[in-house]
Amino acid sequence: MKTIIIAGGTGFLGQVLENYFTSNGYGIIILTRKPTKSNHIYWNAKNLDQWTKALEGTYALINLTGKSVDCRYTEANKKLIHDSRIDSTNVLGKAILKSKKPPKAWLNMSTSTIYKDSYQKQMTEENGDVGNDFSMNIAKSWEATFNSIETTQTRKVILRTSIVLGENGGALIPLKQLTKFGLGGKQWHGKQKVSWIHETDFARAIDFLIKNNLNGVFNIVSPKPTTNTKLMTTLRRSFKVPFGIPQPKWLIKLGAKIIGTEPELVLKSRNVIPEKLIQKGFTFKHQTIEQAISNLI
């Protein structure tokens, strides 16, 4: 049985990948600070320890580790967001370099937020505009750390992932609640682009990258970004909610402060497409937001 290690794999995305790969006959090992299952191994995401032995002879390593950006950007949280990504990437690199039989592939999470706010230009891996603010600089540092580690026996892939829509986690859960309470109107002017991917296509894309011996940077997004207005309209129709109160910018900023998150998560226009995945022959099961939401609710 081929084994895949998922570092930081106890959250929503880790569970999506564990369920997918287990159902396809792989063995899964999760590196986590809080082991609760037989396939969990303790690590602190900073130091080399006994967990490094698990890397020997594994099929692939997927690193999802990093403090959630769904928080207020206080100085303390900014440091945790940065350090959790950089430290985990560095220590995994050290472990791979010490391995006698290292993983064949190492896939490291990044984010499609690395690209600038855009309404017209579609951001691709080759021609996307990388910006300069806290979130984008975190992504750049994360990728630079990953790229600085030369692993001659291990293929490396950067996963610039968008919002992942899932049945049991991710952004769809709070959006469903807003819609059901009549608050599912457009947010701000509603024209901001929303890059997204269905949880099944997220897992399938990673499987595709591993199986096809690919490397480099890949946008893990659906081929058809939607808009905030269309996303919220689709949710209202799906739940047969006749109205949704729109949320102006000032209210979004106030609400974000109250619930402890950042308005950027809603206000930024993410217009990203998976050019390289499509060029390599990957096909999506869920190409439109209507298909995805219909499947998930």
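Residues numbered from 1 in each chain as written. Predicted model: local features only at pLDDT ≥ 70, side-chain atom pairs only at ≥ 80, totals over all residues. Heavy atoms only, no water.

### Focus on the packing of aromatic side chains
Each aromatic ring pair is specified by the distance between its two centres and by the angle formed by the two planes.
And step 1. The final tally for this structure, using the stated rule, is eight aromatic pairs.
And step 2. Aromatic pair Trp43 and Trp51: ring centres 5.2 Å apart, planes at 75°, arrangement edge-to-face. The same class applies to Trp43 as to Trp51, namely buried.
And step 3. Taken together, Tyr20, Phe21, Tyr26 and Tyr59 form an aromatic cluster joined through their ring pairs.
And step 4. Over the aromatic face of Trp142 sits the side chain of Arg85, whose NZ or CZ is 4.9 Å from the ring centroid.
And step 5. Its end group placed over the ring of Phe218, Lys276 keeps NZ or CZ at 4.4 Å from the ring centre. (Phe/Tyr/Trp six-rings, centres within 6.5 Å; stacked < 30°, edge-to-face > 60°. Buried < 20%, exposed > 50% of the residue type's maximum accessible area, 1.4 Å probe, protein only. Lys NZ or Arg CZ within 6 Å of the ring centre and 35° of its normal.)

### Describing unusual backbone geometry
And step 1. A positive phi angle is found at Asn213, which is not glycine, with a value near 55°.
And step 2. One can find Asn213 in the loop between helix 5 (199-211) and strand 10 (216-220).
And step 3. One non-glycine residue, Lys240, lies in positive phi territory at about 55°. (Helix = DSSP H or I, 4+ residues; strand = E, 2+ residues; numbered from the N terminus.)

### Some words on the environment of Lys240
And step 1. Mapped onto the elements of the fold, Lys240 is located in the loop between helix 6 (228-238) and helix 7 (249-259).
And step 2. Here the alpha-carbon distance between Lys240 and Thr179, two residues 61 residues apart in the chain, equals 9.6 Å.

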